[in-house]
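Topology and contacts: notes
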Amino acid sequence: MDANPALGVVLHAIGGLAAASFYIPYKGVRGWAWETYWLVGGVFSWIVSPWGFSLTILPQTVDILRAAGGAPLFWTFFFGVLWGVGGLTFGLTMRYLGIALGYAIALGLCAAFGTLMPPLVNGELGEILSRGPGQVVVSGVAACLAGIAVSGRAGIRKEGEVSEAQKKAVVAEFSLGRGMAVAVACGVMSASMAYGIAAGKPIAEAALAHGAPSLWQNLPVLIVILTGGFLTNVIWCVFLSVRNGSGGDYARRGAPLLANYLLCAAAGLTWYLQFFFYGMGTTRMGRYDFSSWTLHMASIIIFSTAWGIALHEWKGTTPGTRRLVAAGLALLVASTVIVGYSNYLAARPPSGSTSSRRALAE
């Protein structure tokens with residue numbers, strides 16, 4: 001593996017910016033029900049973009065998927081279906097809680113499960129904790145979780161300080177109880193993306209065997225995961241369309257159809273880019289690539305908090321709450337530095353190794 005933790009951190013940060021920004025175009029959609037614009041955007045997120053990027057960069061994508069074997073394809077798809085539940089409830093979380101609070105609650109749980117479960121299930125956590133760099137990376141995960149907890153606390157305080165009218169002005173369908181319920185479901189199920197990446201390693205190996213550069217090895221993996229997520233979301237959105245009678249939205253007179261479709265396409269493409277860069281970032285993190293999920297979550301919350309500030313979601317809060325926001329951001333930034341440094345330590349050759357002695361001799 002071509003380890004370059006500094007580059008990996010940058011790639012994860014770009015992915016986090018895309019993830020924190022994708023919902024913004026949806027705010028411009030007019031005259032469509034939520035299930036309509038979510039599904040239209042999802043077609044671009046889960047089908048058009050994954051296939052388009054992979055076939056453009058790796059023309060041998062179909063051959064790679066055929067060579068990967070049935071079991072890896074099944075389990076990667078299966079975790080994609082579970083992740084689709086998380087992605088679906090993520091949209092509902094934004095709908096009911098807004099960007100700042102929704103991201104903090106949902107992604108806090110997502111970071112914990114998605115980062116720690118893969119090495120725990122694989123029996124690697126003990127070995128990781130026995131090494132210095134491993135202990136540093138776990139401390140970075142802890143800093144990330146602490147930052148998310150502080151950000152979540154700031155969000156909860158905000159809800160007690162802002163009037164209902166102010167909440168509705170920023171988040172039209174604000175509902176703390178309903179939003180918290182879907183945020184918990186979202187956080188637990190969205191971690192399945194990390195499981196899908198782990199289950200898809202044989203697909204990535206098949207990509208390398210077919211001559212794919214290591215930076216792009218996860219593009220075919222994303223196709224399989226996101227197809228599973230597409231299935232989940234299609235079922236739910238079609239159900240809502242039938243129940244709510246919104247199936248005619250796609251050609252409804254009076255709605256700005258061209259603008260709506262373009263906004264949904266922009267949202268879908270931006271959404272996909274988070275995992276486009278995430279997939280590249282994981283290839284550069286080295287020995288502790290499981291920590292990629294922490295970097296991804298931290299980056300998303302850093303940028304989503306910035307968006308929340310720009311969209312005036314914190315307007316009307318007390319100075320104490322705004323200090324919590326700043327403290328949460330500081331912890332999250334610190335966590336990315338710690339995790340990046342731990343992967344740098346792990347990538348260095350051990351002292352006394354042949355490469356180290358050669359470097360000293362030169």
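Residues numbered from 1 in each chain as written. Predicted model: local features only at pLDDT ≥ 70, side-chain atom pairs only at ≥ 80, totals over all residues. Heavy atoms only, no water.

A closer look at the packing of aromatic side chains
The tally for this structure, following the rule as stated, stands at 28 aromatic pairs. Ring geometry for phenylalanine 22 and tyrosine 23: centres 5.8 Å apart, planes at 85 degrees, overall edge-to-face. The same class applies to phenylalanine 22 as to tyrosine 23, namely buried. Ring plane angle 20 degrees and centroid distance 6.2 Å describe the contact between phenylalanine 74 and phenylalanine 78, whose orientation is recorded as stacked. Taken together, the positions of phenylalanine 74 and phenylalanine 78, both in helix α4 (residues 70-97) and four residues apart, correspond to about one turn of that helix. According to the relative accessible area criterion, phenylalanine 74 is partly exposed, its value standing at 47%. Linked through ring pairs, Phe22, Tyr23, Tyr26, Trp34, Tyr37, Trp38, Trp46, Trp83, Phe230, Trp271, Phe275 and Tyr278 together constitute an aromatic cluster. (Phe/Tyr/Trp six-rings, centres within 6.5 Å; stacked < 30°, edge-to-face > 60°. Buried < 20%, exposed > 50% of the residue type's maximum accessible area, 1.4 Å probe, protein only. Helix = DSSP H or I, 4+ residues; strand = E, 2+ residues; numbered from the N terminus.)

Concerning the nonpolar core
Of all hydrophobic cores here, the largest spans 61 residues; its most connected members are Tyr26 and Trp38. Those residues in contact with tyrosine 26 that lie beyond four places of it in its chain are Tyr37, Trp38, Gly41, Gly42, Cys264 and Ala267. (Core = buried A, V, L, I, M, F, W, Y, C linked by side-chain atoms within 4.5 Å. Contact = heavy atoms within 4.5 Å.)

Overview of the packing of helix α11 (residues 201-209) against helix α12 (residues 219-244)
Where α11 meets α12, the closest approach of the two axes is 8 Å, and the angle between their N-to-C directions is 145 degrees. The chirality of how α11 crosses α12 is right-handed. In contact with Ile203, Ala204 and Ala207 of α11, α12 contributes Pro220, Val221 and Val224. When the residues that make up the contact of α11 with α12 are grouped by side-chain class, the tally is six nonpolar, no polar and no charged. (Axes fitted to C-alpha atoms, helices over the stretch in contact; angles between N-to-C directions. Left-handed = near helix turned anticlockwise from the far one by under 90°. Nonpolar A, V, L, I, M, F, W, Y, C, P; charged D, E, K, R; others polar.)

Concerning empty space enclosed by the protein
For the structure shown, the criterion picks out three cavities of 30 Å³ or more. By volume, the second largest cavity amounts to about 60 Å³. In terms of lining, the second largest cavity is formed by Phe22, Tyr26, Trp38, Gly42, Ser45, Trp46, Trp83, Gly87 and Trp271. Elements with a contribution of two residues or more to the lining of the second largest cavity: α2 (34-57) and α4. Each residue belonging to the lining of the second largest cavity can be placed in one class, and the counts come to six nonpolar, three polar and no charged. (1 Å grid on protein atoms, 1.4 Å probe; cavity = no way out; pocket = protein on both sides within 12 Å on 5 of 7 lines; lining within 4 Å. Points joined across faces, edges and corners; volume = space filled by probe spheres on them.)

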